[in-house]
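Chains, contacts and geometry: an overview
Now for the letters of each chain:
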Amino acid sequence: MGEKRLAPAVRAWLRAELSDWRTEGILSGEQVDRILGRYETSQAYASERQSMALHVLMGVAASLIGLAVLLLVGSNWQSMPKAVKLMLIFGVVIGTYAAGFHIRYQRQGRMLSEVVFLLGCLLYGSGIWLVAQIFHLNAHYPDGLWWWALGVLPFAVCLETPLLHALLVALLATWAGTEILGFRDLGGWFFGRWNSFPNVAYTLPLLALPGFAWAYRKSSVLTVALYVPLLAWWVILQSIFWSWADFNPVYVVGAVGGLFALLAESHQSGNLMAIPYRLYGVFLIAGTLSLLSFHGFNESMPNGNVRSPGIPPMLVLVSLSALVVFFTAALSRASDGGSSTLPERLRTRWRQQWPPIAMILLMAGLSLLNGLLVPIESPGLAAVLTTILANAAMVGLAMWLIHIGLREDRGAPFAAGVVYFLLWSLLRYIDLFGDFGGMLGASLMFFLCGAALFGVARFWKKRKEPSHA
Amino acid sequence: MPETTSHPPEAVRRTMAWIDLVLAWLKVHERAVLLGAVVFQILVLASMIAMRVSTLVQGDTILLRVVPVDPRSMFRGEYVTLSYEFSRTPFAAIEGLSPDPSDRNKQNWDERTVYVWLQPETDGVHWHMKKVSIHPPTTGTYLRGTVFGPRRLAFGIESYFVPEGQGHRYEQAMRDHHLSAEIAVTADGKATLHDLRVE
């Protein structure tokens, strides 16, 4: 078995302790030697540190040389013949990958090879744009991003680094955004353009699915946290594109947040994979509700536009939510040994999932409310009702987050709930009393917030104390 | 921390098992898969080049006069937007195409293929438009393009990457009508922009 790493200071402490234990007769001399033998010696540690320092120096030197070469090439790029430019592009891409293979399989340098492969993928993408420049290609430029993403995909699922997943997610998000927002009139692509189908980046879920599956199987919360906002981005773009009447997307954004919070609640309680869904879902809901809690914002929204109820996207989101609840209940049979019926499981799921469902229904209701009342010239009533409901929902969201923190014994959602409640208080103070309270009012407000935070911190500390006894 | 249940549903377990199989296969064949990915990337770059080079090699080279466009959009950073005498042909002047440019008639004109029949100018160097039609000529040189809107025809030769500091030179030449585009055209009308020439 290889020796484990141990810093010199810790090794010195261990030697001193082992010496005392040997003196007291707790351990024999042979046992002390065997324990020390499990860890690298000070000389080995120093040698490795020196080697690592050399590697870092060499890496910096290589980067500087690479930068020098890039600058040299860049300054002469325009005067180079096309053939030389192409040879350079292919040479650099192939050379980088060759280096990556050599480091990974000959030198067993897995981490370094992953960085080199990432560089190779970046150079491949640069190659696409450089070739387009060399030949003055006038093609549909989002296609370049799609082919880039497709080339990165195998590296993302084969290697262990989230960096490549991050690159893939960035490429897919940019591609979907440029395709849907920039070329919505173009017609969907399926081995050719079809005007009958809208251009909504259909292949994004297919390209994201392998990475998503990889992240779940490797239990990589960080990687799931990369794909969840990509999915949210795509769903929001879909709803904006598929609407065939003018509606306000703010409710869709809030409803998508609710859908992701619902997906979080569909995971097993305490499953860390739920965290990214809840995080982004709460961000979307919290941001939307914060805006909708201002009467001035609700009053100004319908100005100049006739807003429709936005029924199609809301119907899709509500239907998706219902499907999530149904399938979660149907698939949860294993957790109780199969003894409960589907209606019983649905009731169980409802008890856990009703807050995000309520958020989704609230957004759908607000969209309908504004879409129906504004055209009949009752925007004032719509604005008042929206403001009241959004404020109530903000308080509800804060309470729900606090409840999650208590349920899962995690400080982050508990603190988030408290902070969101205080944010609500602050926003209402600014909105309603900011002009009247003056400095004294602000002082009182901050005192109350501080006192509330102190009280909450003490509560959490007291709650944790018995588990440390 | 509350005790968590670790009994995922049967369907989830089966899906995870299937994913495990795929990941295990990828692990065993990692080198081959990565090599395949590299080859794929090289093929993508090569095919981009091949599509253009084949036109440049097989096509005849002609000179087309570049006409000025809206100066505000002419020079977008590194790219110059080029326009030709036939780029803004109205529907009424396109043989065989309904002249109605409205959205009601969109299915008849949107992304419709059109052909610019070319003939040489009297100087024997430049070429100019004879007519635009939805039918290609049986003989002679022509360009194949697409209708993207009223007075918006595109042929894949509308962008030129400008070397740093050269943009204004081309802009001025375009305004003075002294700019021509060297185009390679294949027998089936496919065009590739090769170079810009300031005359």
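Residues take numbers from 1 onward in each chain, read along the sequence in its written order. All chains are assigned letters beginning with A, and all ligands numbers beginning with 1, in the order in which they are written. Given that the model is predicted, a residue must reach a pLDDT of at least 70 before its local features are reported, and side-chain atom pairs must reach 80 or more before they are shown or counted; all residues, however, enter totals for whole chains, interfaces and linings. The side-chain numbers reported here are obtained from all heavy atoms of the structure, hydrogens and water having been left aside.

Once that is clear, we can look at the overall build of chain A. Helix numbering and strand numbering both begin at the N terminus, where a helix is a DSSP run of H or I of at least 4 residues and a strand a DSSP run of E of at least 2. From N to C terminus, chain A includes 16 helices and two strands. A simple rule labels every residue: compare its accessible area, found with a 1.4 Å probe on the protein chains alone, to the largest value its type can have, and call it buried under 20%, exposed over 50%, or partly exposed in between. The burial tally for chain A puts 43% of its 469 residues in the buried class. Taking as baseline every contact in chain A between residues at least 6 positions apart, the subset at least 24 positions apart corresponds to 68%. Each accessible area value is a Shrake-Rupley result obtained with a 1.4 Å probe; residue values ignore everything except the protein chains displayed when judging cover. Carbon and sulfur atoms provide 71% of the accessible area of chain A, an area that totals close to 24300 Å². The contact rule is simple, with two residues in contact once any of their heavy atoms fall within 4.5 Å.

Residues and elements named next belong to chain B. Burial of strand β10 (residues 179–185) is extensive: seven of the seven residues sit out of reach of the surface. Burial along β10 is two-sided: Leu179, Ala181, Ile183 and Val185 and Ser180, Glu182 and Ala184, pointing in opposite directions, are all buried. One ladder, built from six bridges, connects strand β1 (residues 60–65) with β10; its direction is antiparallel. Counterpart to Asp60 in the pairing with β10 is Val185. Any two strands are treated as partners once DSSP identifies two or more bridges connecting them. As judged from the seven bridges shared by β10 and strand β11 (residues 191–198), these two strands associate in the antiparallel manner. By the bridge assignment, Ala181 is partnered in β11 with Leu196. Hairpin connection of β10 to β11: five residues between the antiparallel strands, including Gly189 at a positive phi of 90°.

Attention shifts here to unusual backbone geometry. Although it is not a glycine, His136 of chain A adopts a positive phi angle of roughly 50°. By the secondary structure assignment, His136 of chain A is in the loop between α5 (110–134) and α6 (142–158). Even without being a glycine, His177 of chain B presents a positive backbone phi close to 60°.

Attention now goes to the interface of chain A and chain B. The parts lose accessible area when they come together, and the size of an interface is often stated as this lost area. Listed per partner, the contact involves 54 residues of chain A and 49 residues of chain B. Here the quantity called buried area is the total loss of accessible area, with a 1.4 Å probe, experienced by two parts when brought into contact, counted for both. Summing both partners gives a buried area of about 4500 Å² for chain A against chain B, and 66% of it is carried by carbon and sulfur. Of all residues in chain A, the largest losses of buried area upon contact with chain B belong to His136, Asn138 and Arg217 of chain A, amounting jointly to 16% of the total for that side. Notably, a salt bridge pairs Glu30 of chain B with Arg110 of chain A, separated by 3.7 Å at the nearest N-O pair. Pairs of N or O atoms within 3.5 Å make up the polar contacts considered here, provided that, within protein, one atom can donate a hydrogen while the other can accept it, and that residues adjacent in sequence are counted only when both atoms are side-chain atoms. At the surface where chain A touches chain B, the tally comes to seven residue pairs in polar contact (both at pLDDT 80 or more). Of all the secondary structure elements, the ones that give two or more residues to the side of chain A that touches chain B are α4 (82–106), α5, α6, α8 (204–217) and α15 (379–408) of chain A. In terms of residue class, the side of chain A that touches chain B is made up of 29 nonpolar, 14 polar and eleven charged. Whenever a carboxyl oxygen of Asp or Glu lies within 4 Å of a side-chain nitrogen of Lys or Arg, that contact is scored as a salt bridge. Residue polarity is assigned by list, with Asp, Glu, Lys and Arg as charged and Ala, Val, Leu, Ile, Met, Phe, Trp, Tyr, Cys and Pro as nonpolar; anything else, Gly included, falls into the polar class.

The subject of this paragraph is the pattern of salt bridges. Scanning the model with the defined rule gives 16 salt bridges over all chains in all. The network of salt bridges with shared partners includes Arg104, Arg110 and Glu114 of chain A together with Lys27 and Glu30 of chain B.

With that settled, the discussion passes to the packing of aromatic side chains. Pairing of aromatic rings covers Phe, Tyr and the six-membered ring of Trp, with a centre-to-centre limit of 6.5 Å; geometry is then stacked below 30 degrees between planes, edge-to-face above 60, and tilted otherwise. Tallying each qualifying case throughout the model produces 18 aromatic pairs over all chains. With a centroid separation of 5.4 Å and 50° between ring planes, the pair formed by Phe91 of chain B and Trp109 of chain B is classed as tilted. Taken as a pair, Phe91 of chain B in the loop between β3 (79–81) and β4 (94–95) and Trp109 of chain B in helix α4 (residues 106–109) lie far apart in primary sequence, 18 residues in all. The pair Phe91 of chain B / Trp109 of chain B is uniform in exposure class, with both members buried. Consider the rings of Tyr160 of chain B and Tyr170 of chain B, whose centres lie 5.8 Å apart with planes at 65°: the pair is edge-to-face. Placement of Tyr160 of chain B in strand β9 (residues 159–161) and of Tyr170 of chain B in helix α5 (residues 167–175) is noted, with a sequence separation of ten residues between them. Among the aromatic residues, ring-to-ring pairing joins Tyr97, Phe101, Tyr105, Phe117 and Phe155 of chain A into one connected group.

Moving on to the state of the cysteines. Residues and elements named next belong to chain A. Here, the term disulfide refers to a pair of cysteine sulfur atoms separated by no more than 2.5 Å. Per the stated rule, a full pass over the model turns up zero disulfides over all chains. Considering cysteine sulfurs only, Cys121 is the nearest to Cys158, which forms no disulfide, with 11 Å between them. Here Cys158 falls in the buried class, since its relative accessible area comes to 5%.

Here we take up the side chain of Glu408 of chain A. All names here are of chain A. Within the secondary structure, Glu408 sits in helix α15. With a relative accessible area of 4%, Glu408 lands in the buried category. A distance of 3.0 Å separates a polar atom in the side chain of Glu408 from a polar atom in the side chain of Arg407.

It is worth spelling out the confidence of the model for chain B at this point. Residue and element names in this part refer to chain B. When pLDDT is averaged across chain B, the result is 85; 90% of the residues are at 70 or more. On a scale of 0 to 100, pLDDT captures the predictor's confidence in every residue. Ranking the elements of chain B by mean pLDDT puts helix α3 (residues 71–74) last with 48 and strand β5 (residues 113–120) first with 94. Overall fold confidence for the complex sits at a pTM of 0.78, while the interface term, ipTM, reaches 0.79.

For the rest of this paragraph, the subject is the nonpolar core. Core analysis: the largest hydrophobic core is formed by 112 residues, its most contacted members being Phe155, Leu172, Leu289 and Leu397 of chain A. If we ignore the near neighbours within four places in the chain, the residues touching Leu289 of chain A are Met359, Leu362, Met363, Ala390, Ala393, Met394, Leu397 and Tyr420 of chain A. If you look at the next biggest cluster of nonpolar residues, it comprises 34 residues, including Ile62, Phe91, Trp127 and Ile157 of chain B. The term nonpolar core refers to a set of buried residues drawn from Ala, Val, Leu, Ile, Met, Phe, Trp, Tyr and Cys, joined through side-chain atoms within 4.5 Å.

Right, let's get into the packing of α5 of chain A against α6 of chain A. Residue and element names in this part refer to chain A. Only C-alpha atoms enter the line fits that serve as axes; for helices the fit covers just the stretch in contact. Angles between N-to-C directions range over 0 to 180 degrees. Following both chains from N to C, one finds α5 and α6 inclined at 160°, their axes separated by 10 Å at the closest point. When the axis of α5 is compared with that of α6, the two are roughly antiparallel. In terms of crossing hand, the pair formed by α5 and α6 is right-handed. Packed against α5, whose contacting residues are Phe117, Cys121, Leu122, Tyr124, Gly125, Ile128 and Trp129, the element α6 presents Gly144, Leu145, Trp147, Trp148, Gly151, Val152 and Phe155 at the interface. Looking at the contact of α5 with α6 residue by residue, the class counts come to eleven nonpolar, three polar and no charged. Here the angle decides the label: under 35 degrees means roughly parallel, over 145 means roughly antiparallel, 65 to 115 means roughly perpendicular, and every other value means oblique. Crossing handedness is read from the near helix: turned anticlockwise from the far helix by less than a right angle, it gives a left-handed crossing, and turned clockwise, a right-handed one.

Moving on, we get to the environment of Leu82 of chain B. Residue and element names in this part refer to chain B. If you trace the backbone, Leu82 turns up in the loop between β3 and β4. By relative accessible area, Leu82 is classed as buried at 2%. Along the chain, Leu82 and Glu158 lie 76 residues apart, while their C-alpha atoms are 4.6 Å from each other. When neighbours within four sequence positions are excluded, Leu82 is seen to be in contact with Val66, Ile157, Glu158, Tyr160, Met174, Leu193 and Leu196.

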